Amino acid sequence: MTEWVEATVVERRDWNDELISLRFEAPMEPFKAGQFIRVGLDIEGERIGRPYSLVNAPHEDLHEIYFNIVEEGPLSPRLARLQPGDRFWAVPKPSGFLTLDEVPEARHLWLLATGTALGPFLSILKTPAAWERFETIVLGHSVRRRSELAYGDTIQGLNEAHGDQLCFVPFITREPCGEHLGQRIPACIESGSLEEKTGLVLSPQDSHVLLCGNSAMLQDTLSVLEKRGLKRHRRREPGQVGMEKYH
Ligand code: NAP
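Because the structure is a prediction, the values reported are computed rather than measured. (Residues numbered from 1 in each chain as written. Predicted model: local features only at pLDDT ≥ 70, side-chain atom pairs only at ≥ 80, totals over all residues. Heavy atoms only, no water.)

In spatial order, the strands read β9-β8-β7-β10-β11; together these five strands make up an open sheet with parallel pairing. With one partner strand each, in any of the chains shown, β9 (166-172) and β11 (241-243) form the two edges of the open sheet. Taken pair by pair, the neighbouring strands of this sheet meet at an average axis angle of 15 degrees, ignoring direction. As paired elements, strand β7 (residues 108-114) and strand β10 (residues 207-212) share six bridges and run parallel to each other. (Pairing = 2+ DSSP bridges. Helix = DSSP H or I, 4+ residues; strand = E, 2+ residues; numbered from the N terminus. Axes fitted to C-alpha atoms, helices over the stretch in contact; angles between N-to-C directions.)

Turning our eyes to something else, we now look at a negative patch on the surface. Together, D17, E18, E71 and E72 give the surface a local cluster of negative charge. Residue position: E71 is located in the loop between β5 (63-68) and α1 (76-79). Of the residues examined, E71 reaches a relative accessible area of 63% and is grouped as exposed. (Patch = residues over 30% accessible without salt bridge, like charges linked within 9 Å, V, L, I, M, F, W, Y side chains within 5 Å. Areas by Shrake-Rupley, 256 points an atom, 1.4 Å probe, with all protein chains shown as cover. Salt bridge = Lys/Arg side-chain N within 4 Å of Asp/Glu carboxyl O. Lys, Arg positive; Asp, Glu negative; His and termini not counted. Charge placed at Lys NZ, Arg CZ, Asp CG, Glu CD. Buried < 20%, exposed > 50% of the residue type's maximum accessible area, 1.4 Å probe, protein only.)

Burial of strand β3 (residues 36-43) is extensive: six of the eight residues sit out of reach of the surface. The turn linking β3 back onto strand β4 (residues 46-53) is made up of two residues, and E44 within it adopts a positive phi angle of 45 degrees. Of the strand pairs in this sheet, β3 and strand β6 (residues 87-95) are connected by four bridges, and their pairing is antiparallel. Residue pairing for β6: F36 is matched across the bridge by S95.

All right, on to the domain arrangement of the chain then. You can read the domains of the chain as domain 1 (5-90) and domain 2 (100-245). For domain 1 and domain 2, the distance between their C-alpha centroids amounts to 24 Å. Of the residues lining the interface, 22 residues belong to domain 1; the matching set on domain 2 comes to 16 residues. Of the roughly 1,500 Å² buried at the junction of domain 1 and domain 2 (both faces included), carbon and sulfur atoms supply 56%. The largest share of the area that domain 1 buries against domain 2 comes from W15, V55 and Y66, three residues that together contribute 35% of it. Between the two partners, domain 1 and domain 2, sit three salt bridges. Across the pair D153 and R13 runs a salt bridge, and its minimum N-O distance is 2.9 Å. Between the two partners, domain 1 and domain 2, sit nine residue pairs in polar contact (both at pLDDT 80 or more). Elements with a contribution of two residues or more to the side of domain 1 that touches domain 2: β2 (19-25) and β5. Per element, the largest residue contribution to the side of domain 1 that touches domain 2 is four residues, and it comes from β5. (Domains from an automatic or database assignment. Contact = heavy atoms within 4.5 Å. Buried area = accessible area lost by both parts, 1.4 Å probe. Polar contact = N/O pair within 3.5 Å; in protein donor to acceptor, adjacent residues only side chain to side chain.)

Counting residues in hydrophobic clusters, the biggest one holds 30 residues, and the most contacted among them are F121 and L139. For this core, the secondary-structure elements that each account for two or more residues are β7, α2 (118-125), α3 (128-133), β8 (136-143), α4 (152-162) and β10. When residues in this core are grouped by element, the largest group, five residues, is from α2. Counting only domains with at least three residues in this core, you end up with domain 1 (5-90) and domain 2 (100-245). Once you skip the residues sitting within four places of it in the chain, F121 turns out to touch L98, L111, L112, A113, L139, L210, L211 and C212. Counting residues in hydrophobic clusters, the runner-up holds 25 residues, among them Y52, I65, L79 and A90. (Core = buried A, V, L, I, M, F, W, Y, C linked by side-chain atoms within 4.5 Å.)

Time to look at the side chain of T198. For T198, the position within the fold is in helix α6 (residues 193-198). Since its relative accessible area comes to 14%, T198 is described here as buried. For T198, the side chain forms a polar contact with the main-chain oxygen of E195, separated by 3.1 Å. Apart from the residues within four sequence positions on either side, T198 is in contact with W110, V138, C167 and V169.

This part is about unusual backbone geometry. Excluding glycine, most residues fall at negative phi; most peptide bonds, likewise, are trans. Look at E44: it is not a glycine, yet its phi comes out positive at around 45 degrees. In this model, Y151 sits at a positive phi of 60 degrees, which is unusual for a non-glycine residue. Mapping Y151 onto the fold places it in the loop between β8 and α4. Y151 gets classed as buried once you look at its relative accessible area, which sits at 3%.

Next comes the structure, spelled out in structure tokens:
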């Protein structure tokens, strides 16, 4: 039977009308940056749970999830109404393999996310190991609108701490993109504009790519990377592209 523990909201942050972060206290088990937990609420007599990545690093006291409101979904609109002091349920055992100990040696680490899937990468970037292991880390975040570029303060803090070792690349796909890239991640890989922006080459020799986001993005990005000679990474058959599906 699934074990659940009570979590208490400490702080909430509304990035816009649809994107919310909750910081909370809960007796969670130790986790690795990049992992996810199950979060739940009792709705009409039934406990409804969904996976959410932890945005905080393992050494941080408060846990944090970042999510968008899926209007027709049972859980996220209710989670989005929680205020400091309110409680929800969490499964204390984290899961998932989108973690740095699954990443083989590489010069450059490319972390490419759509939407709320930015969260697990922020957790990874808050750990010292990320900065000890890679010459450069590219963080690509694809959103529809500029107002969905959440966690700008965290990313600015990382930039101040790590300088040119971090290369943050926003993609804005449904409104004028200004100085940012204006097409989806796979299109920008295919056209070379992502490499031009970063000044780095995506090659099987130097790169390891982690993908997180909606399933179509994972598949489309893997396809363009395969054309460049990179292949899916598996424990038994090492490659250069790691990803995790849990939706
Ligand atoms: P989204 O719908 O994926 O949209 C964000 C960006 O993704 C947009 O720029 C969109 O471009 C682009 N996109 C859509 N389809 C694409 C494709 N086939 N190839 C490349 N880019 C594509 O964002 P979201 O609704 O926030 O979804 C994020 C996903 O991450 C969800 O599936 C969620 O389950 C998953 N996730 C969530 C968490 C969490 O803890 N909340 C953690 C990990 C993963 P267009 O404007 O051109 O459509």
